[in-house]
Every structure is written in C-alpha cells, then in structure tokens.
Amino acid sequence: MRYKFTYYLMVLVVFFAAPVFAQQEITVTGKVVDSLDGQGIPGVSVLIKGTTKGTQTDANGNYSLTAPSDATLTFSFISYGRREVAINNQTSINVTLSGENELLDQVVVIGYGTAAKRDLTGSIVSVSGKDVADKPSPNPISSIQGKVAGVQITNSGKPGAEPDVRIRGTNSINGASPLYVVDGILNDNINFLNPSDIASMEILKDPSSLAIFGVRGANGVIIVTTKQAKQGELTFNFNSTVGFKDVNHRMKMTDAEGFKTLYNEQLANQGAEPFDYTDWNANTNWQDVIFQKGILNYNNLSVSGATDKNRFYMGLGYTTEQGVVKHEDYKKYTININDELSITKDFKVGMNFSGYKASLPQIQDNLINTAIIASPVTPIYNDEYGLYYNTPPFQTPQINSPMVALELRKNTRIEDEYRAVGSVFAELNFLSHFTAKGTFLYDYGFNQIRSYTPIVNVYDPNIQGDDKTSTLIRATAVSQEQNTYRKVQSDWLLTYKNSWGDHNLTATAGLTSYFRSYEGIITKVSQGNGDPIPNDPRFFYTTMGDKSTQSIDGSQWERVTLSYLFRGLYNYKGKYLLNGSFRRDGSSAFLGSNRWQNSGALGAAWVLTEEDFMKDQQFFNNLKLKGSWGILGNENTGDSYRYPVYPTLVAGSSTSFGDNIYPALSPAYVPDPNLRWESVHSWEAGVEANMLDNKLSLEAAYYDKKTKDILVEVPGVNGFLPNLQNAGEIQNKGFEITAGWNQNITDDLKLTVNANVTTIDNKVISLAKEGFAILASNSVSRTTAGLPIGYFWGLKTDGIYQTDEEVNNGPESGLGSPFKPGDIKYVDINGDGKINNDDRTMIGNPTPDFTYGFSFSLAYKNFDFGADFMGVSGNEIIRTWNQSTYSTFNFLEDRLNRWTGPGTSNFEPIMDASRGNNTQFSSYYIENGSFFRIRNVQLGYNFSPEMLSKMKLKALRVFVNAQNPVTFSKNSGFTPEMGGTAIAFGVDNGTYPVPAIYTLGVNLNF
C-alpha cells in the first residue's frame, strides 16, 4: 500500500512540475539606454510579465535576472514609455527607452549654444547624422535633399561638386548660399567633412534663430556638429560602401538615319547642294562613347572612448569615386579628431580638428555638350592614320570630335585641394549659474591646379592631298595656379542659466571676431619658339616653355569683422516663451558710420497644452503657437563686392609712347559713400503640435522675407563708370508644412512616415530705377522689378505659321527676315503689329511654386526598410545647348515631327537654318522643370547579439541602397535639376547628369 501511495505521489509531482520543466529558467542580462543620448538609465524596473518578480538597472543601466526562457520582460521608468520584449531563449537583451516627451526634450544646437526643442520659438529642423552616414554621397548636404521643408537642394552628379542650397528662396542678386557652422567655426561649405563623422545638422530658417549670426545669417544657417565619444568602453566602428553609378536616362537624339533625313531636308529647303556622306557613314552614339558605369567606394574608420574625465573621438575616411564620364576620378581623404578633458567638475578644455585632401575629377569643358550635339555620322577612329576623326565640314568651325576632349586631352589637368580646420576651447562653470567659454578657431585652405595643353592632330578626309592630318592645337602650353585662404575666428561667451519658481532664463552675451583672407596667383607659358613641352605631369610647371611667352596674374583680399551679441531665452511655467537676440557687426569693408550694422529679432510662443483648460483633453500631447520677427544682415554678397568702398581696378584705355605701351587702370565702378550691407526684414507665424500619444506630429509656418538695400551695379552712361549703390528689394514668402507619424505597431514592427511641402513666391520689388534690368551672361536669365529673380526672357510662341494667308494676317517681322510658312509664330506683346525685341517678355520662371518630399521606414525585428521621395513643381527650364549659331548640331528626336506643310506640325518649325527667326530665344526652348524622384531606397539587416558575441563584435549591419533609381520628368536633358548663380539658374546648357547609384554597405562595431 505504501508503494502505491509513493507511486501516485510521483505521478502527481511529474504532472504538476511538467510546465516548470518546460519553462526552463535562464539568466538574462542586458543594458537599458536612453534613445536620445545612448546613455544607460539607472533605476529602470525590469519585471517578468504577469509576475512581481524582477529587478532594477544599476547606475550604468545594466541588469541581470533569472526568468523562464519563453517569458516576456517589461521595462518601465518614470517619464519613459513602457516596453515589452519576449525573451525567446535570448540570454542578452538590450533595450532602448524613449521619453514620453522625447521630441520636446530633444536638445538642438542653436547659434552659440544649445536649447531644448520645447523652448524654441522659431523654425529649427534637426537632422541626425545617421540619416546621411550611409547614403552614397561624399557631400553630406546632398543627402538631405527633400527631407527639410524650406530647403531647396539642387544636386550635381559630378563627383566632388557642391550642391546648390537655397533656404526659403533666393534672397539677393548677389548670392543665395547659406552659412555653414561646423563645431562653431563659420564656413561657406562643408566639402571637407566626412558624412560618417557628423552627429547632427540643424537647419535654422526663422529670424529668431538667425539674428544671432548678424550679417551672415540672412540666407539661413546650417549648423553641423561632429561626433564625440560617449562614456563607456573603447569602441571601434568601421563602415564601407561599394557600388556603381550609371546614367539611367539618355537624351533622345537622332541616330545617323534620322540625322540624314533632317539634314538633307534642311539643305533642300535652303536650296543648297546635297551633302556627300561617303566619308561620313558611321552611326555613332556619342553618349555611349563617353559614358561609363562609375565605381565608387567609401571607407570610414572611427575610434572613440570616454571616461568621467576625458572624451576622445577620431574618424578616418577614404573615398574613391569614378564619374559617369570616362577617365573621371575623384579621391578624398579626411580625418576628424576631437578631445575633451574635464580638469575639474567645473572646468574643461577641448580641441577639434578636421583635415581634408581631395583630388578633383577633371574633364574638358563642354565635353558632355559636345557629345550631345556632335553628328552621329562621324566615325570615331581611322585605323590607317591612327588618328581620331575630325567632325564633318558642317560642324568643323564650331565643334570638335568628343574624342579630342575625352582621349586626346585626358589627364592633362591636376587639381588638388587641402584643408585644415581646427579649434581649441576652455569652459568654466562658476557661481552656480554662469558658464564662460573661450574658443579660438582657425581654417586654412590651399588649392593647386596644373594644366597642360597638348598638340592635337585628327584625321580629316576633306583635306586635299595624301596627308589627311589636321592639327587643331599646334603648340603646347602649361598653366599653373595656386591659391590660399585663411579664416581666423575667436569667440568669447558668457552664459547665465537659472530657474526660480515658475521662471526659467538662459542668457548669452559674447564678443566674436572673424578674419578672412585670400591670395591667388596664376601663371601661363607656351611652347613659343622652343621645343614642345612633354605631356608628362612631371613637366606641368611654368618653368618649362618659352619664358618670353610667360604671363602672370593674381588677386588677393582680406576682411575683418568684430561683433557683439546677446540672446535671452525665457519661459514662464513652460507655457509662455520669449526669445530675444541682438548682434552688432563692424566690418572693414565700409567706412564711417556704415561700418557698423545692427541685427536683432524677437520670438514668442504659447504652449496651449500647459494651460489648465487643456489638461483634461487626450488628443494633443503638445500644442504650441509661435511667431518671430527680425532684421538680419546679408554679407554673403560674393567676391565681386569684396571691397565696396575700394573698387577693384580693371584695364582701361592704354596708350603708347614710341615703341612702349603703357597700360591704364580704372576703378570697376564708382562706389556710393553711403554703402551698407544688405538687410533682410523677416517674420513668420506658425504652429507645432504632437498628437495621439505623440504618434502624429505637425509643424506649419508662414514666412515673409524682404531683402532691402541690395547692392546693385548700375551701368554708367556717356562713358561714365558704373555706379555701385544700395538700390534693390526682393521678397520671398510662402508656407511650410511638415508632418510625421511614428508608431510601434507591435513589439517587432515599427513604422515611421514623414512628409513636407514648401511654397515659394519670389518677386523683385524694386531694382535701381524704373525700367532697369540685369541680363545674365547667358542672355536668357533676366532680373527686373515686378517679376521673379532670374526669370527667362524671350519671345512668346503661338504655334507655327501654316499658310501664306496666316503670315499675311499676322504681325510684321522685325527680326531681320520676313516670316514664311513653317516659321515659329510669335506673340505681339505690345500690339504694335511688329515682332521685335520690344515683344520680349517673361517666358519662364526657374523658381518652383512648391517643393515637397516624403519618406517612410519600417523596422521588423532585425530588418529595416526605408524609402525617400522628393520633387519640385511649377518651375521651368530653358534649353540653350542646341542654340546653334552657324554650325549644324545633332537634333533632338522631336525634330522628326517638324513642319513639312500645312497641318503637319504646330510646334516644330521647318528644317531651314537660313531662317534666323526660328533661333530667337523664345518659349520654344522652354521646358517643364517639374519632376518627381525616388530619391533613396534602402534595405538593411542588423545581426543578433547572440551571433555577434561569438564573433567578438558589438554590432553588425549590412544594407543595400539605391539612390535616384527613377525620376519622372518631362524635360529633354539628362536631369531636371539645374543649379546656378543667384540670377542665372535653371539653364540646361548640357548639364552634367545626376546618375542612379547602387551600393552595398557594411557597418560594424567592435
């Protein structure tokens, strides 16, 4: 009986203990960190879901507990969102917690300091460094295209080229580029930075955030902060990207058959003899000849480590990138070092250093343009002579074979850039609420260019006699150029920060100085009467050649500014916010009282969700109304006005005495003694909202900017010199809207969606005097009062004349020859019955009506997927590359739809080069500049900690990326993106293609 009882007892024990055995307990360890700064969070409650068993994280955020292998852990802490994570037999689980008001508590970098986003009264957008680190672009600004409202970025496909950046429109005829601030030092570009070394970028757009930068803040400011070490063990990071780029959109030009059809018809219509194609019977696609799949490789290695006393970071970068044009190579080397030492708890010192060396790609000017317009009937190479072909006689006077630039003049230009940017600082906290900081910053750049002109021979079957060699360049020559620039800056800042009761104040006052200088020299020498200079980089120096042919030119300048600044950030109970800033700049560019200029701004905001009447509602987590007004300075007016008071001397009327010639010099213009810097009077009003448990965010603003006192050079009359004066005003206004959705759909699935749209209304209000206009050197971009800056100027078309009767009933031609059927019909704008220059008008606007972008990302377990989209709408492009003067260019395929008789075409004119009426700049050359682009698509995978622990790695991620894979546009060129100057942009003169780029990357920490 006793045995039976023991037996039944054992069965019961096994029965009830089976679930326990099934749930084998394991030890789980890990770390809980803050999503903003990555620091460990102490005191986090870690519980086994459904029980009271658990633990808390230690001072560094680490935890350890024993739990069933199939249990779920819950992580919770005051002011942080709750997380649940299934163990799934994992022995190591690291967790990131996000603050319930993370977006509001986010610290952003502002001018000469930092602030919580909740305390801002203006429009500052923060972009994380991780958003640009793994994108295939050596320039980090290119990677935020379409991501920030109010920021229009026009990229160039050429390796190493700087993008065209305009913040809230084009503010001046003298320049539109923003100011860049890298770790405190003011800059005009950030080409010297490695994207992998960037921690964050803040884009400042409104007056309350920009006024602190005084005369440098009018065009907007982009603040770049490089990475610093976070406290913890020594960490190494390596990331590498490899891929290729390709021109995925070719221009639709006629092939040999189409060209012959059109050219034969053109000659017949002109009454000329047919062309003999005996020696010109090829079918060459010159785009295929010059383009290639360019290989690219970006490599970055960083090491960082920090203790409670010292933080050190060093990043090394190496980039090699081929262009889409053969023989086009770009190399870039970067180094970034920063170190911060806390000598006591209240006193610390530090340094930053960035070094850069780049070998820029070189292709001959107009190579791409030549490849577009070169005739397809031209053969590439003559084997008998061992020479490349010359172009046919109908192109020879104006166009060489693309092979001259591509092969015969390849590797004849060497251009290297060097840059060293460094700073040292000391910071002292005293009297509980005060911080004093002194910084000395230095930027040194050195560039050198050496170029060589070789003797160039080609094969020309039209030459009479046995020798068919044509010499295009008969003598060698060398050009050598060097330039250096220096920037020296010192900042002395005092900050007071205190809270008492319901009042919170941060006040900053400072003194800053900034010195800039430039020195450049260029020398040239030719072969002359001496021997040819060898085509060898060892001899690309002006010590070669005939010394009697040597010429020297150069320029130099320097400028100094001294500035006083003040800013106060105040809030009452966190719901009434005030922001006031003032800056006084003194510049060496002016004399007298105009040497000094004041800038200032006021901003205010009301956080409605902090009011008692909003406490019980559950929809809004944050609702803020905001506005700001200010007067900003604009010193970014280009080198042309480097010294407005002391004009550059230019060549005047020379004279001679006997055999000697005496050159004359005269001022470039007569300056107005009352000249001062341009100023921008700006205001904005907007709203910020976070809703639905912070899942939905919305920010909207209306902005209005008027640039006054624009520096204008007014031409003189009757032989008098031009006059430089403050005589212009430009307005930019519009709306900016940004929205986002961020949601953890499940424990394993996270969705993020962001979108933005910006409207731009640009108008020149006044310019010098009534009727005054600035015509750019391209002869099609014009700026005058009452219209947008840089608008396209020409004749407006109204179809094609179909019959003699239609010609007779239309206006008279004042363009040099009478109209005939098949000619372009122009609109008589002034109604005087004649078409001439008086009928030229605005035929296009390069400034878009609005720009937009949106993106989404999905993270599922260890996978992540994201896609970015962007576009512009409402702008025009003008095509100038096929504006033939006296040679016959290759034709767009659209010309096959030309007019050949009544009713055959109402857009493409007759094939007849003798009719100059049809080559006038007109809306015939205007194209739609709107486009929509899939900007970036990326798929990534993060390896699990369990697998990495065996490999002694901390993190490993691999990803594939496609950039610009698809663009939807209606223009005929390679790309709808056309940058340019402030008064001449949106012009397609054979613009470099923006290629599609496909890459594979790896990022690992160890």
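This is a predicted model, so every value here is computed, not measured.

Draft legend 1. Broad picture of the pairing of strand β29 (residues 503-526). Direction of pairing for strand β28 (residues 477-500) relative to β29: antiparallel, over a ladder of 24 bridges. If you follow S479 over to β29, its bridge partner there is K524. The pairing of β29 with strand β30 (residues 551-572) spans 22 bridges and is antiparallel. Paired with T508 across the bridge in β30 is R567.

Draft legend 2. Quick look at the sheet that holds strand β15 (residues 198-204). The strand order β10-β15-β16-β13-β14 describes an open sheet built from 5 strands, whose pairing is mixed. Either end of the sheet is taken by a strand with one partner, and the two such strands are β10 (124-128) and β14 (185-187). Each strand axis lies, on average, 20° off the axis of its neighbour in the sheet, ignoring direction.

Draft legend 3. Structural context of the side chain of S905. Checked against the element boundaries, S905 lands in the loop between β56 (876-879) and β57 (926-928). In this structure S905 comes out as buried when scored by relative accessible area, which is 10%. Here N897 takes part through its backbone oxygen, which lies 3.2 Å from a polar atom of the side chain of S905. A polar contact of 3.2 Å, which involves the side chain of S905, links it to the backbone nitrogen of F907. Apart from residues lying up to four places away in sequence, S905 is in contact with I800, Q802, N897, R898 and W899.

Draft legend 4. Representation of the packing of aromatic side chains within the structure. Under the counting rule described, the total for this entry stands at 42 aromatic pairs. The interplanar angle of 70° and the centroid separation of 5.0 Å between the aromatic rings of Y381 and Y388 together place this pair among those described as edge-to-face. Taking relative accessible area as the criterion, Y381 reaches 39% and is therefore assigned partly exposed. Here the aromatic residues F850, Y852, F854, F856, F865, F869, F932 and F968 are joined through ring pairs into a cluster of three or more. For R166, the ring lying beneath its charged end belongs to F985, and the centroid distance is 4.2 Å. R782 extends its terminal NZ or CZ atom over the ring of W793, reaching a point 4.3 Å from the ring centre.

Draft legend 5. Geometry of the environment of I789. Here I789 is to be found in the loop between β47 (781-784) and β48 (791-794). Among the residues examined, I789 registers a relative accessible area of 0% and is labelled buried. Note: C-alpha distance between I789 and Y388 (401 residues apart in sequence) is 45 Å. When residues no more than four places from it in sequence are discounted, the contact partners of I789 are T170, S172, I173, I730, N762, V764, R782, T783, P846, A982, I983 and F985.

How each quantity is defined
Residues numbered from 1 in each chain as written. Predicted model: local features only at pLDDT ≥ 70, side-chain atom pairs only at ≥ 80, totals over all residues. Heavy atoms only, no water. Pairing = 2+ DSSP bridges. Helix = DSSP H or I, 4+ residues; strand = E, 2+ residues; numbered from the N terminus. Axes fitted to C-alpha atoms, helices over the stretch in contact; angles between N-to-C directions. Buried < 20%, exposed > 50% of the residue type's maximum accessible area, 1.4 Å probe, protein only. Polar contact = N/O pair within 3.5 Å; in protein donor to acceptor, adjacent residues only side chain to side chain. Contact = heavy atoms within 4.5 Å. Phe/Tyr/Trp six-rings, centres within 6.5 Å; stacked < 30°, edge-to-face > 60°. Lys NZ or Arg CZ within 6 Å of the ring centre and 35° of its normal.

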